[in-house]
Amino acid sequence: MIVEALAFYAFSIVTIAAGVMVVASRNPVHSVLYLILAFFNAAGLFVLLGAEFLAMILVVVYVGAVAVLFLFVVMMLDINFVELRQGFMEYLPIGALIGVILVIELLFVLAAWTIAPEAAGTGAVAMPPPSEIPNTHALGQILYTRYVYLFQAAGVILLIAMIGAIVLTLRSREGVRRQRIGDQLARTRAETVDVVQVNRGEGV
């Protein structure tokens, strides 16, 4: 129990510190690296909660795809961040106002949770205790029984979005050499290989 508490505090402190450094770091590459560190420690917190499937998804999807994509985009675009920060003071009052509103909303949520903690359990789906089935089995049981139609609808929407993105960005350009598998397979040895007789001591 003591080891779990120490691990929880260690993961939590590193996650909060990494989140602060994502915002406070001046170098965008360092911000992305701190973001990856925050993702790893959040995955550790999920493991402590018994949600190993969510921890693996967090590492594979966010660290392995999203964060690395951010890193490559930031490194390849060569953005001038000095020019982007020139209008910081102009938008500071609006940003501060939005921040105060978000803090007030979070305080309302925390106050409601403290006053009525039993309200968090209302509307939840009845599931077996975590000790009976593993976490991955419980998630699969929920997704493919109660929410199977919504799960399939989400897959169809993502497929349509992917096809739409390909159609919008695909452009037919003239003069571009394209690979034709049939023509390649139909080529004979005489069309492909050119045997040249080179005399000794001479070049081609």
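What counts and how
Residues numbered from 1 in each chain as written. Predicted model: local features only at pLDDT ≥ 70, side-chain atom pairs only at ≥ 80, totals over all residues. Heavy atoms only, no water. Helix = DSSP H or I, 4+ residues; strand = E, 2+ residues; numbered from the N terminus. Buried < 20%, exposed > 50% of the residue type's maximum accessible area, 1.4 Å probe, protein only. Contact = heavy atoms within 4.5 Å. Areas by Shrake-Rupley, 256 points an atom, 1.4 Å probe, with all protein chains shown as cover. Polar contact = N/O pair within 3.5 Å; in protein donor to acceptor, adjacent residues only side chain to side chain. Core = buried A, V, L, I, M, F, W, Y, C linked by side-chain atoms within 4.5 Å. Expected span 1.5 Å × (residues − 1). Phe/Tyr/Trp six-rings, centres within 6.5 Å; stacked < 30°, edge-to-face > 60°. Axes fitted to C-alpha atoms, helices over the stretch in contact; angles between N-to-C directions. Parallel < 35°, antiparallel > 145°, perpendicular 65-115°, else oblique. Left-handed = near helix turned anticlockwise from the far one by under 90°. Nonpolar A, V, L, I, M, F, W, Y, C, P; charged D, E, K, R; others polar. pLDDT = per-residue confidence, 0-100.

I'd like to hear about the overall build of the protein, residue by residue, with values.
Counting its regular elements, the protein contains nine helices and zero strands. The linear arrangement of helices and strands in the protein, starting from the amino end, is α-α-α-α-α-α-α-α-α. Relative to its 204 residues, the protein shows a buried fraction of 11%. Taking the contacts inside the protein whose residues are at least 6 apart along the sequence as the reference set, 50% of them involve residues at least 24 apart. For the protein, the exposed surface amounts to about 17300 Å²; the carbon and sulfur share of it is 70%.

Account for the side chain of asparagine 41, with residues named and values stated.
As for its placement among the helices and strands, asparagine 41 is situated in helix H2 (residues 28–48). Judged by relative accessible area, asparagine 41 falls into the buried class, the value being 8%. Polar contacts involving the side chain of asparagine 41 include one to the main-chain carbonyl oxygen of leucine 37, which spans 2.7 Å. In this structure, asparagine 41 is in contact with Phe11, Val14 and Thr15, ignoring residues within four places of it in sequence.

So what's going on with the nonpolar core? Which residues, and what values?
Listed in full, the 10 residues of the largest apolar core are Val32, Ile36, Phe39, Ala42, Ala43, Ala55, Leu58, Val63, Ala67 and Leu71. Listed by contribution, the elements that provide at least two residues to this core are H2 and helix H3 (52–77).

Give a detailed account of helix H1 (residues 2–24), specifying residues and quantitative values.
Under the 1.5 Å per step criterion, the end-to-end length of H1 is 33 Å for 23 residues, consistent within 8% with the ideal 33 Å. Inspection of H1 places Ser12, Thr15 and Ala18 among the buried residues, and these make up the whole buried set. Looking at the buried side of H1, the elements it contacts are H2.

Mind laying out the packing of aromatic side chains, listing which residues take part and the relevant values?
One pass over the full model with this rule turns up three aromatic pairs. Plain terms: the ring middles of phenylalanine 39 and tyrosine 62 are 5.3 Å apart, the flat faces sit at 50° to each other, and that makes the pair tilted. Separated by 23 residues along the polypeptide, phenylalanine 39 in helix H2 and tyrosine 62 in helix H3 bring together distant segments of the chain. Since its relative accessible area comes to 17%, phenylalanine 39 is described here as buried. Where tyrosine 144 meets phenylalanine 151, the ring centres are 5.3 Å apart and the plane angle is 70°; that geometry is what we call edge-to-face.

Describe the side chain of threonine 15, and please don't skip the residues or the numbers.
For threonine 15, the location among the structural elements is in helix H1. Under the relative-accessibility criterion, threonine 15 is labelled buried at 19%. Each residue touching threonine 15, except ones within four places of it in the same chain, is listed here: Ala38, Asn41, Ala42 and Leu45.

Describe the packing of H1 against H2, and please don't skip the residues or the numbers.
For the pair H1 and H2, interaxial distance at closest approach is 8 Å and the crossing angle is 155°. Here H1 lies roughly antiparallel to H2, going by the angle between them. Every pair of crossing elements has a handedness; the one defined by H1 and H2 is left-handed. Here H1 contributes Glu4, Ala7, Phe8, Phe11, Ser12, Val14, Thr15, Ala18, Met21 and Val22 to the contact with H2, which in turn contributes Ser31, Tyr34, Leu35, Leu37, Ala38, Asn41, Ala42, Gly44, Leu45 and Leu48. Of the residues in the contact of H1 with H2, the class split is 14 nonpolar, five polar and one charged.

Can you lay out the confidence of the model for the protein for me, pointing to particular residues and giving the numbers?
Here the protein averages 79 in pLDDT, while 83% of its residues score no lower than 70. Per-element confidence in the protein is highest for helix H7 (residues 148–169), whose mean pLDDT is 89, and lowest for helix H4 (residues 81–84), whose mean pLDDT is 65.

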